[in-house]
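# Structural features, examined
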Amino acid sequence: MEQSHGVEKYMKSQLTTLCYIEKDNSYLMLHRIKKESDINRDKWIGIGGHFEYGESPEECLLREVKEETGLTLTQYRFRGIVTFVTTDGIAEYMCLYTADAFTGTLTECDEGVLEWVPKERFITMNLWEGDYIFLKLLEDDAPFFSLKLVYEKDRMVQAVLDGKPMELFDICDENGNPTGLIRERSVAHRYGGLHRTSHVWIVKRQGNQYFVLLQKRSHQKDSYPDCYDISSAGHIPAGVDFLESALRELKEELEIEAEPEELHFVGRRKKAAREVFYGKPFIDEQVMNVYVLCRDIEEKDLALQKEEIESVCFVEVEECMERIRHNSIKHCIYEDEFEMVLNWCRNGE
């Protein structure tokens, strides 16, 4: 009996629908402020609710929209399945829809306040963090998807899209300290969010000169494809620190194993950039630690992570700075950051 009770504790599942009704580049959103015991208290969500016995997803969708808004949907799309899991043993399986045609007049809702919200306002509103992931998928007109979101209370700790784990970042303050908020990578780059990265510049000394290793980013990269860049760099996963991430990236990208004491910290900087890649906005807000690794190594000795890196080459540091300043190579290197590396080389080890 005790074992059976334990199984029941972790078998609490709910079936729901959620719909985002679209008009004039806005979604109809419900601000859940009318019920004190509401798990979504003060959150903004779409329109939906729980299945009644025997209902199909579409029957539940149409009934909930009618009950909560007074509208009758005349055109809608089934966009994906979202699985919510909480660490206290509750699971919810949500059928996600969008709709762009309806009849009727909007009425008041006893669950909260209805409002047409422009899509560009989403990032300023009080949403569940995982909602930004599927809202971005909807915005990108992604094919039918399965998204799993795991929460510890109101904090997202895992996201899995179509069976593949997604990258999660700690959103940090101006000093690089995590705030407690965790955001998925593509969401941070679409809507913003200050996060942490580690940059490692590999240099080698030949006589009185230093040479720096540049990597050429893969043609498939989601940002700055085919550009020359830092020797090794990467976003820091949630719960990981700067140095640990730097060592991991060296191993993954170049098959270089290094000890923590081999990385020379040369500075911390903040970056805020807004670009467009593949016709979509790309926001990059970072706090980064910059390191130098001095090692006598040859290009042929490196095992490149082909998904990330097209090629590598060594360039004398003074010449490299000139190329950066005059944009004589296609690059995404910041001059003030490379100045840190150059000063380290000029001052000696």
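Please read these numbers as outputs of a predicted model, since none were measured by experiment. All residue numbers refer to position in the chain's written sequence, counted from 1. Local features are withheld for residues below a pLDDT of 70 in this predicted model, meaning they are given only at 70 or higher, and side-chain atom pairs are given and counted only at 80 or more; totals for whole chains, interfaces and linings count all residues. Water and hydrogen atoms were dropped before computing side-chain values, which therefore reflect all heavy atoms in the structure.

### Here we look at the environment of Lys270
- Helix and strand assignments come from DSSP, with helices taken as H or I runs of at least 4 residues and strands as E runs of at least 2, each series counted from the N terminus. As for its position among the elements, Lys270 is in strand 17 (residues 263–277).
- Setting aside its immediate chain neighbours within four residues, Lys270 contacts Glu174, Leu194, Gln286 and Val287.
- Here a polar contact is taken to be a pair of N or O atoms separated by no more than 3.5 Å, where protein atoms must pair a possible hydrogen donor with a possible acceptor and residues adjacent in sequence count only if both atoms sit in side chains. A distance of 2.5 Å separates a polar atom in the side chain of Lys270 from a polar atom in the side chain of Glu174. Here a residue-residue contact requires only that any non-hydrogen atoms of the pair lie within 4.5 Å.

### Focus on the packing of aromatic side chains
- Think of it this way: a Phe, Tyr or Trp ring, Trp meaning its six-membered ring, pairs with another when their centres are within 6.5 Å, and the plane angle makes it stacked under 30 degrees, edge-to-face over 60, tilted otherwise. Applying the stated rule across the entire model yields 14 aromatic pairs.
- Ring plane angle 70° and centroid distance 5.3 Å describe the contact between Trp201 and Phe338, whose orientation is recorded as edge-to-face. With Trp201 in strand 13 (residues 195–206) and Phe338 in helix 7 (residues 335–347), this pair connects stretches of sequence that are 137 residues apart.
- For the exposure calls, accessible area comes from a 1.4 Å probe over protein chains only, and a residue counts as buried if that area is under 20% of its type's maximum, exposed if over 50%, partly exposed in between. A relative accessible area of 0% places Trp201 in the buried class.
- For Phe338, a relative accessible area of 0% translates into the label buried.

### A look at the confidence of the model for the protein
- What pLDDT expresses is the predictor's confidence in each residue, scored from 0 to 100. Considering every residue of the protein, the mean pLDDT works out to 93; 96% of them sit at 70 or more.
- Within the protein, strand 10 (residues 164–165) carries the highest mean pLDDT (98), whereas helix 1 (residues 2–9) carries the lowest (41).
- Segment residues 1–11: pLDDT under 50, and two contacts once partners within four positions in sequence are set aside and those in other chains are kept.

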